[in-house]
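One letter stands for each residue in the lines below.
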Number of protein chains: 2
Amino acid sequence: MSDDTDAVDDGDTGPGEGADSGPTESADSGPTEGATDPVDERDAHGWPFELRGVTETVVTTLGPNGRWNVAALGVHAGDPATARTYGRTRTWRNFRERGGGYVQVTRDPVDFVEAALAVREESDPVLESADAWVRVAVTERDETDEDGTPVVTWTLDPREAGVERERVPTTNRGHAAVIEGTVAASRLGVPAFDTATLRERLAYFESVVERCGGPRERRAWERLTDLVEAEW
Amino acid sequence: MSDDTDAVDDGDTGPGEGADSGPTESADSGPTEGATDPVDERDAHGWPFELRGVTETVVTTLGPNGRWNVAALGVHAGDPATARTYGRTRTWRNFRERGGGYVQVTRDPVDFVEAALAVREESDPVLESADAWVRVAVTERDETDEDGTPVVTWTLDPREAGVERERVPTTNRGHAAVIEGTVAASRLGVPAFDTATLRERLAYFESVVERCGGPRERRAWERLTDLVEAEW
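The shown structure was predicted, so the numbers you read here are calculated from the model rather than taken from an experiment. (Residues numbered from 1 in each chain as written. Chains lettered and ligands numbered in written order. Predicted model: local features only at pLDDT ≥ 70, side-chain atom pairs only at ≥ 80, totals over all residues. Heavy atoms only, no water.)

What is the right way to look at the pairing of strand β3 (residues 81–86) of chain A in this model?
Taken residue by residue, a regular strand's side chains alternate between the two faces of the sheet. Residues and elements named next belong to chain A. In terms of burial, β3 is a largely internal element, five of the six residues being buried. As paired strands, strand β2 (residues 68–76) and β3 are joined by two bridges and run antiparallel to one another. Paired with Val 75 across the bridge in β3 is Ala 83. With antiparallel pairing between neighbouring strands as the criterion, β2 and β3 make up a hairpin whose turn holds four residues, including Gly 78 at a positive phi of roughly 155 degrees. Here β3 pairs with strand β7 (residues 149–163) via six bridges, running antiparallel. By the bridge assignment, Tyr 86 is partnered in β7 with Val 151. (Buried < 20%, exposed > 50% of the residue type's maximum accessible area, 1.4 Å probe, protein only. Helix = DSSP H or I, 4+ residues; strand = E, 2+ residues; numbered from the N terminus. Pairing = 2+ DSSP bridges.)

Set out below in structure tokens:
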């Protein structure tokens, strides 16, 4: 996901984004607030959940219309943790202009699909399904070019964190298949990837969702197929 | 996983299994104990974690040598929950002879790989990595034949449950790739599955583990490749 989901949030500016005309109840989440908000120190680096390898998260960033844009973001473990934006996406723009956002983890596959593949905006920065969230300040570390796409690496500095609920984690192959499905779906039409291979993968993940998923996984797959105009 | 991991635990009787010569500190987990052990009622059906679709669990069952055999088990949500054994596996034998076992969830990918692909026995029924466990009494519901393999469906009746720890669940594609890798690996050599397709899938999941996994996922993949004598 870290490689491509944000590319789906493709920098296409939606209606109303040109003006700060949205609701004002959403507070700016800029780094200047950090000093007065102690981090809930749940791990050594201020994150309220374990980071290892790449953790697939949802990030909300405040747009010029005063609404929170919802996107997928792969957070790379490290000190500091980092994340990449691919292209001139809303997240890239809002990171630059606001200096941060809310990184959150959700187990809801429908919210994940929408973050990865749809343009979604909310009036509140934390999704109802989020089990935990972290307000981060971001700093641009470097920018490279990958086949014409500007790839920016951001460092993420946790400033405030909250845990909404803890639970016994379970493993559901259907859930994982939805996540992998969003990766494959977001690569359709990208020249570097072979379409036949992606379709085969999507067909496989669809079968896993059908056999192993629960109702939310099946709903997420429906949403995915609605959002991606392709067949497999 | 529900379709095939237990088939890996292939009914081949290991050394010492013919006699009850093992350590005796492992108590029998039969259903007769249920009346005095109230279930920790964490959901409507007595399970200490959410069941939806198929949940990939690890099951330990007491063998004739007094040791706990560790295997993978896909638990199908329902009232009652059910699971299938494929072939004359250790789990099948122990379910029949002991009437139950310990179903547990772990997020440790190494333990999952070993449960699914190795023969592993422990002196204690609950793995250290288990976040929660359920002692179940099982009843054979039906047996069918799939291409010569006897497939038994068992109903699972929770009798006692424990939660070792709760946490904020996170999504790691590397973890999911390990789980999917064990499924593909356990199908290698099974006539109903195309080997080239399985190898292609394994190569893909390996790349996901490398890019997105943490140290335990990479270790789990090494273990998987050690246990499966194949290349992809």
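The rest of the description comes next.
Is there a simple way to explain the packing of aromatic side chains in this structure?
For any pair of aromatic rings, the description rests on two quantities: the centre-to-centre distance and the angle between the ring planes. For the structure on display, the rule yields 13 aromatic pairs over all chains. Taking 5.2 Å as the distance between ring centres and 70 degrees as the angle between the ring planes, the aromatic pair formed by Phe 95 of chain A and Trp 154 of chain A counts as edge-to-face. Here Phe 95 of chain A, found in helix α2 (residues 90–98), pairs with Trp 154 of chain A, found in strand β7; they are 59 residues apart in sequence, far enough to count as distant. An identical accessibility class is assigned to Phe 95 of chain A and Trp 154 of chain A; each is buried. Grouping aromatic residues by their ring pairs yields a cluster made of Tyr 204 and Phe 205 of chain A together with Tyr 204 and Phe 205 of chain B. Note that Arg 201 of chain A overlies the ring of Tyr 204 of chain B, its terminal NZ or CZ placed 3.7 Å from the centroid. (Phe/Tyr/Trp six-rings, centres within 6.5 Å; stacked < 30°, edge-to-face > 60°. Lys NZ or Arg CZ within 6 Å of the ring centre and 35° of its normal.)

Mind showing me how you'd approach the relation of the copies chain B and chain A here?
A rotation about some axis, followed by a shift along it, carries one copy of the chain onto the other. If you rotate chain B by 180 degrees and push it 0.0 Å along the axis, it lands on chain A with an RMSD of 0.0 Å. In symmetry terms, the pair is related by a two-fold rotation axis. Both copies present the same face, since 100% of the interface residues in chain B are matched by interface residues at the equivalent positions in chain A. (Least-squares fit on C-alpha atoms with pLDDT ≥ 70 in both. Contact = heavy atoms within 4.5 Å.)

What exactly am I supposed to notice about unusual backbone geometry here?
Note that the residue after Asp 79 of chain A, namely Pro 80 of chain A, is joined by a cis bond; omega there is 10 degrees. With respect to the secondary-structure elements, Pro 80 of chain A resides in the loop between β2 and β3. One non-glycine residue, Asp 147 of chain B, lies in the positive phi region at around 50 degrees.

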